[in-house]
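Listed here are the chains, written in short residue letters.
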Amino acid sequence: YSQFESTMPAPPRAESRREPPKATYWANPTAEAQGSASPNRFFNKSNERLYEAYSQLHTMAQEFDKPFDAPAILVCGHQTDGKSALVEALMGFQFNHVGGGTKTRRPIAINMKYNPTAVEPRCFLVKDDSLGREEELSLPELQAYIESENRRLETENGFWAKDIVVKIEYKYCPNLTIIDTPGLISAAPGRKFASLQQASRLVEDLVRSKMQQRDYIILCLEDNSDWSNSTTRRLVLEADPEFRRTVMVSTKFDTRIPQFSRAADVEMFMHPPARLLEPTVLGGGPFFSSVPSGRVGLSRDSLYRSNDHYREAVLKREQEDIIELERRLDRRLTSQERGRVG
């Protein structure tokens, strides 16, 4: 989220209390967002320098026989919480299989490596054999492979704990591993839902085993408007009872904002008290994410013609969320609050 913070333009400053009312002040947020959502603004130049420094540190550590692993982030949440879409938005390009229902049926381990010469992402698929061979694929080819694996497992009504391992070299990413897990399933009771209940148990066991890796940072996604109804936290608590290595993320935030009728409701959700959300959560509090729907491609069903177009939409969504939040709160967001929205 920090990579987006400095790219977000501040709303126009009111010159005095005698200016026109708020309805005039916030007259056209869409036009404002459109005017500044350039794809060149998506990636923060200061972050690029940080990625380079971290990559050099990593290399030096190996040379001096003091190697250390790059951070690993485990993304978990329920079906349709937007896990795969969030991973794509953070990376700035689409490659995954997203949509309603159970799409991800194998964990996808994305090993990102900073490469200053890779202006476009270079993707390498690690083969499912003991030799660890790699095959370079284009983004569409990688997406096709992931979709084919998910469809194969769907026909078998199964899941596979073995990761799909993808290595990505890119100018705009740090040395980092992100693991996208299958969505947890909330199965209805009753005999006619027995197969769904079995699938729910399989997914829980798979995700639980991944969370037992104590060096993983857990990205816990919740699609809700009330922190007391958080469902994914129940499973995360088993692996991280004090949330010392857990980051909380409220997804689909653009659909949450209209549900708040009072400024106090927004404040409560953005700054939940300890009785609703553990204060020990990594980062000191929740983050709030909105990802625009639609896929990149040239087909009639594709909403975006390129990943540049997609990145514009991600920035625009973020800016519109901030503008709407400030309108409902009747105040400006602090820099810390802005850094948590995106």
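One numbering rule holds for all chains: residues counted from 1, following each sequence as written. Local features in this predicted model are restricted to residues of pLDDT 70 or higher, and side-chain atom pairs are both shown and tallied only at a pLDDT of 80 or more, whereas totals for entire chains, interfaces and linings draw on every residue. Neither water nor hydrogens contribute to the side-chain values; these are computed over all heavy atoms in the structure.

A short note on the packing of helix α10 (residues 263-270) against helix α11 (residues 307-329)
Two numbers describe a pair of packed helices, the interaxial angle and the distance between the axes. Heads up, the rule is: Axis definition: a line fit to C-alpha positions, over the contact stretch in the case of helices; interaxial angles, taken between N-to-C directions, run 0 to 180 degrees. Where helices and strands are cited, they refer to DSSP runs of H or I of at least four residues and of E of at least two residues respectively, numbered from the N terminus. When an angle is under 35 degrees it counts as roughly parallel; over 145 it counts as roughly antiparallel; between 65 and 115 it counts as roughly perpendicular; any other value is oblique. A contact between two residues is defined here by any heavy atoms of the two lying within 4.5 Å. Gly is placed with the polar residues, together with every amino acid not listed as nonpolar (Ala, Val, Leu, Ile, Met, Phe, Trp, Tyr, Cys and Pro) or charged (Asp, Glu, Lys and Arg).
As a packed pair, α10 and α11 sit with axes 8 Å apart at the nearest point and diverge in direction by 125°. Considering the angle they form, α10 stands oblique to α11. Contacts between α10 and α11 involve Ala-263, Val-266, Glu-267 and Met-270 from the former and Leu-325, Arg-328 and Leu-329 from the latter. Broken down by class, the residue content of the contact of α10 with α11 amounts to five nonpolar, no polar and two charged.

A short note on the pairing of strand β3 (residues 122-126)
Keep this limit in mind: Here the term buried applies to any residue with accessible area under 20% of the maximum for its type, exposed to any over 50%, and partly exposed to those in between, with areas from a 1.4 Å probe on protein chains only. Between any two strands, at least two bridges found by DSSP are needed for them to pair.
With four of five residues buried, β3 is to be regarded as a mostly interior element. Alignment of β3 against strand β5 (residues 164-170), held across four bridges, turns out to be antiparallel. In the strand pairing of β5, Phe-124 is matched with Lys-167. When β3 meets strand β4 (residues 134-137), the two strands line up antiparallel, connected through four bridges.

Thoughts on the environment of Ser-228
Note the threshold: Identification of polar contacts relies on pairs of N or O atoms within 3.5 Å, with a donor-acceptor requirement for protein atoms, meaning one able to donate a hydrogen and the other able to accept it, and with residues adjacent in sequence counted only if both atoms are side-chain atoms.
Positionally, Ser-228 belongs in the loop between β7 (216-222) and α8 (232-239). Ser-228 sits 49 residues away from Leu-277 along the chain, and the two C-alpha atoms are 7.8 Å apart. Of note is the side chain of Ser-228, whose polar atom sits 2.8 Å from the side chain of Asp-226.

Considering the packing of aromatic side chains
Spelled out, the test is: The rule is short: rings of Phe, Tyr and Trp, with Trp giving its six-membered ring, pair when the centres are within 6.5 Å, and they are stacked under 30 degrees, edge-to-face over 60, tilted in between. When the NZ atom of lysine or the CZ atom of arginine is within 6 Å of a ring's centre and also within 35 degrees of its normal, the charge is said to sit over that ring.
Enumeration according to the criterion identifies nine aromatic pairs in this entry. A centroid spacing of 5.7 Å and a plane angle of 50° characterise the contact between Phe-269 and Phe-288, whose relative ring orientation is tilted. Within this pair, whereas Phe-269 is found in helix α10, its partner Phe-288 is found in strand β9 (residues 287-288), the two being separated by 19 residues in sequence. Judged by relative accessible area, Phe-288 falls into the buried class, the value being 1%. Here the aromatic cluster, defined as three or more aromatic residues joined through ring pairs, consists of Trp-227, Phe-253, Phe-260, Phe-269 and Phe-288. Here the guanidinium or amino end of Arg-105 rests over the ring plane of Phe-159, the centre of that ring lying 4.7 Å away. We note Arg-340 situated over the ring of Phe-287; from NZ or CZ to the ring centre the distance is 4.8 Å.

With respect to α10
Threshold: Directions are taken from the helix axis to each C-beta atom, and the arc is the one they span.
Considered for burial, the residues of α10 that qualify are Val-266, Phe-269 and Met-270. Down the axis of α10, the buried side of the element spans an arc of 90°, and every buried residue falls inside it. Residues of α10 that are buried sit in contact with β8 (246-250), α9 (253-256), β9, α11 and α12 (335-338).

Thoughts on the packing of helix α7 (residues 194-211) against α8
To be explicit about the condition: If you view the pair so one helix is near and one far, a crossing is left-handed when the near helix is turned anticlockwise from the far one by less than a right angle, and right-handed when it is turned clockwise.
It is the contact of α7 with α8, at a shortest axis distance of 9 Å, that shows an interaxial angle of 45°. As summarised for this structure, α7 and α8 are arranged oblique, according to the angle between their axes. The hand of the α7/α8 crossing is right-handed. Taken together, the residues of α8 that come into contact with α7 (itself represented by Glu-204, Val-207, Arg-208 and Met-211) are Arg-234, Leu-235, Val-236, Glu-238 and Ala-239. Considered class by class, the residues forming the contact of α7 with α8 number five nonpolar, no polar and four charged.

What about α8?
What α8 keeps buried is the set Thr-232, Arg-233, Leu-235, Val-236 and Ala-239. Along the long axis of α8, the arc covered by the buried residues comes to 160°, so they all point the same way. Looking at the packing, one finds that the buried side of α8 touches β1 (72-76), α7, β7 and β8.

A word on the confidence of the model for the protein
Going by this rule: Scored from 0 to 100, pLDDT reflects the predictor's confidence in each residue.
Looking at the protein, the pLDDT average stands at 82 and 81% of residues meet or exceed 70. Across the protein, β9 holds the top mean pLDDT of 96, while helix α2 (residues 22-25) sits lowest at 32.

Some details on the nonpolar core
What counts is decided by this rule: By nonpolar core is meant a set of buried Ala, Val, Leu, Ile, Met, Phe, Trp, Tyr and Cys residues that side-chain atoms within 4.5 Å join together.
The biggest cluster of nonpolar side chains holds 37 residues, and the ones touching the most others in it are Val-207, Met-211, Val-236, Phe-253, Phe-288, Leu-325 and Val-341. Those elements that provide at least two residues to this core are β1, α7, β7, α8, α10 and α11. Considering each element in turn, this core owes the most residues, five residues, to α7. Phe-93, Ile-108, Ile-110 and Leu-142 belong to the second largest nonpolar core, which has 29 residues in total.

Regarding the sheet that holds β7
Strand order in this open sheet of nine strands is β4-β3-β5-β2-β6-β1-β7-β8-β9, and the pairing throughout is mixed. One side of each edge strand has no neighbouring strand; the edge strands of this open sheet are β4 and β9. Judged from the five bridges that link them, β1 and β7 form a sheet pairing that is parallel. Within β7, the residue paired with Ala-72 across the bridge is Tyr-216.

So, the environment of Glu-242
Mapped onto the elements, Glu-242 comes out in the loop between α8 and β8. For Glu-242, a relative accessible area of 46% corresponds to the partly exposed category. Put simply, Glu-242 and Thr-280 are 38 residues apart on the chain and 6.5 Å apart in space, counted from C-alpha to C-alpha. Among the polar contacts listed, one links the side chain of Glu-242 to the side chain of Arg-244, at a separation of 3.2 Å.

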